[in-house]
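Each chain is listed here by its residues.
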Amino acid sequence: MAIDLTASGTAARPDIASIQRRTLRLLFTTQIVGGVGVTIGIAVGALLAARIAGTAVAGVAQSAGVVGAALLAVPVTRIMARHGRRPGLVVAYAVGAVGGVLVVLSAVTHWIPLLFLGMLLFGGGTAANLQARYTAVDLAEPARRGRQLSLIVWATTIGAVAAPNFAALADRVTTGWGLPPLAGPFAFSSAAFVLAAVVLLGLLRPDPLLTARRLAAADTPVVPPTDAAPTAAVAEAPAAAPRGAGMRAAWSVVRARPAARLGVAAVAVGHLVMVAVMAMTPVRLGESHADADVLRLVGIVLSLHIAGMYAFSPVVGWLTDRLGRRAVILGGVGFLLAACAVAGTAGHHTPRLSVGLVLLGLGWSGTMVAGSTLLSESVPAGVRPSVQGFCDLVMGLAGAAAAVVSGFVMQFAGYPVLTLLAAVAAAPLVALALRPVPTGAPDEEG
């Protein structure tokens, strides 16, 4: 669908709305498919790694996927910055598919280095799913950005719920084909990633990011340069990405803009607190329940946690647009602190621990949706993909570090101390969120 860039803003608006609706439908569908692929890998990854390399390194193999998603955000967003969202998302899903194939080969050959490489590349599926939320707001109206971003986050819920059933089915089918047990789900994940990549490659047209840049470039000459309106605004809305829009440039932009700093901090801190507490909750349950009951209870508690993370994200998005970004970030931090207090004092009372994990998911949802929305609208279009990639890099590394450190804290100090340290890590975000930040249009700030 073509856009007449010579037309007035009013005439072009119906075309933009149509493109945005089509983009959201497409992203919603591929997010479900990609979410199934990612969740299947998470569900059986540790078990497969334990069979290939031993229990001691199973957690490290799982962390490789988290680190891979964080590191792959850098090249993926570089591609997006220069060529648009479509090739970036396609490359991310393709890398994830290759990673899934390598994991299957490692299961066949029992070659441990191939397992770690495969898990690292498998993170490409997660990187694509994370970047999809930013794609949803490239052409969104300012008053609807939170809701439309949260809609794509919410689509992950469907994939997360359906994935365990697909994992069991894929394992049964591929075992009949001669693949080792637990390898089949990764083959299914690769197929899901390929399907998502093919759909995006063929249907994500026109590219929302490139369209937004062209519209920005066409609109900027309308404002004549005066002493009150300097021409810097024109330079900040280029039709194409500047060549220097890498991680260093992204950090410079974030450091110079208080709203962008708050957005990155909200996403990263919320993810850090969530991963730190969630990763050790199964261990906490194992301390007070028999082996026959642990897996069932872990499934129930983590399902409630995932519901808190994703199921209410449309409401969180609506509140983000209605109450403002900072208000929802503060609310998210409040839920995180409440979660740490409830889970940390639950002792061996599983229902109370479950309530704490639901609150933890709600806190993550608030910081993720509101922080991502604030970040996306606080930076110029030319560097937006790089800044978003920088945010996901920081978030991924924070989550990986939290997963590693939480194990040591759990072993030497216990679960209550872990939740206390997580609450301490979240507290500075309150002070940052209370500081006034500019709320103007993306290319007007600064």
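Residues numbered from 1 in each chain as written. Predicted model: local features only at pLDDT ≥ 70, side-chain atom pairs only at ≥ 80, totals over all residues. Heavy atoms only, no water.

1. Describing the nonpolar core
Then, number 1: Counting residues in hydrophobic clusters, the biggest one holds 67 residues, and the most contacted among them are Val273, Ile329, Leu360, Val387, Tyr415 and Leu429.
Then, number 2: With 15 residues, the single largest contributor to this core is helix H10 (residues 258-286).
Then, number 3: Among residues more than four places away in sequence, those in contact with Tyr415 are Val277, Met280, Thr281, Arg284, Ala343, Leu353, Leu357 and Met410.
Then, number 4: Counting residues in hydrophobic clusters, the runner-up holds 38 residues, among them Leu24, Val38, Val44 and Ala132. (Core = buried A, V, L, I, M, F, W, Y, C linked by side-chain atoms within 4.5 Å. Buried < 20%, exposed > 50% of the residue type's maximum accessible area, 1.4 Å probe, protein only. Helix = DSSP H or I, 4+ residues; strand = E, 2+ residues; numbered from the N terminus. Contact = heavy atoms within 4.5 Å.)

2. Regarding the confidence of the model for the chain
Then, number 1: Averaged over every residue, the pLDDT of the chain is 84; the share at 70 or more is 84%.
Then, number 2: Looking over the chain, one finds the lowest element-wise mean pLDDT in helix H8 (residues 232-235), namely 34, and the highest in helix H13 (residues 325-344), namely 97.
Then, number 3: In this model, residues 221-244 is a region of pLDDT below 50 whose contacts with residues beyond four sequence positions or in other chains number 29 contacts. (pLDDT = per-residue confidence, 0-100.)

3. Notes on the side chain of Gln31
Then, number 1: By the secondary structure assignment, Gln31 is in helix H1 (residues 9-53).
Then, number 2: Setting aside chain neighbours within four positions, we find Gln31 in contact with Tyr93, Asn129, Ala132, Ile152, Ala155 and Thr156.

4. Here's the deal with helix H12 (residues 313-323)
Note that an α-helix has 3.6 residues per turn; residues three or four places apart therefore point the same way.
Then, number 1: Restricting attention to buried positions, one finds in H12 the residues Ser313, Val316, Gly317, Thr320 and Asp321. Down the axis of H12, the buried set is contained in an arc of 135°. They therefore lie on one face. The exposed set on the far side of H12, more than 90 degrees from its buried face, consists of Arg322 and Leu323.
Then, number 2: Downstream of H12 by one or two residues, Gly324 has phi in the positive range, about 110°. (Arc of directions from axis to C-beta.)

5. Focus on the environment of Met80
Then, number 1: Among the secondary structure elements, Met80 is positioned in helix H2 (residues 58-83).
Then, number 2: Among the residues examined, Met80 registers a relative accessible area of 0% and is labelled buried.
Then, number 3: Separated by 305 residues in sequence, Met80 and Pro385 have C-alpha atoms that sit 6.3 Å apart.
Then, number 4: With sequence-adjacent residues up to four places away left out, Met80 is seen in contact with Arg85, Gly88, Leu89, Gln131, Leu209, Arg213 and Pro385.

6. Points about helix H3 (residues 85-109)
Then, number 1: Across its 25 residues, H3 extends 36 Å between first and last C-alpha, which sits within 8% of the 36 Å expected from 1.5 Å per residue.
Then, number 2: Note on H3: the residue one or two positions beyond its end, His110, has a positive phi of about 60°. (Expected span 1.5 Å × (residues − 1).)

7. Thoughts on the pattern of salt bridges
Then, number 1: Enumeration over the complete set of coordinates arrives at six salt bridges.
Then, number 2: Where Asp321 meets Arg325, a salt bridge forms, and the shortest distance between an N and an O atom there is 3.1 Å. Like Asp321, the residue Arg325 is buried in the burial classification.
Then, number 3: Note that Arg325 and Glu377 form a salt bridge whose closest N and O atoms lie 2.8 Å from each other. One end of the pair, Arg325, is in helix H13; the other, Glu377, is in helix H14 (residues 350-377), with 52 residues separating them in the sequence. Of the two residues, Arg325 and Glu377, both sit in the buried class.
Then, number 4: One connected set of salt bridges, linked through shared partners, spans Arg145, Arg147, Asp321, Arg325 and Glu377. (Salt bridge = Lys/Arg side-chain N within 4 Å of Asp/Glu carboxyl O.)

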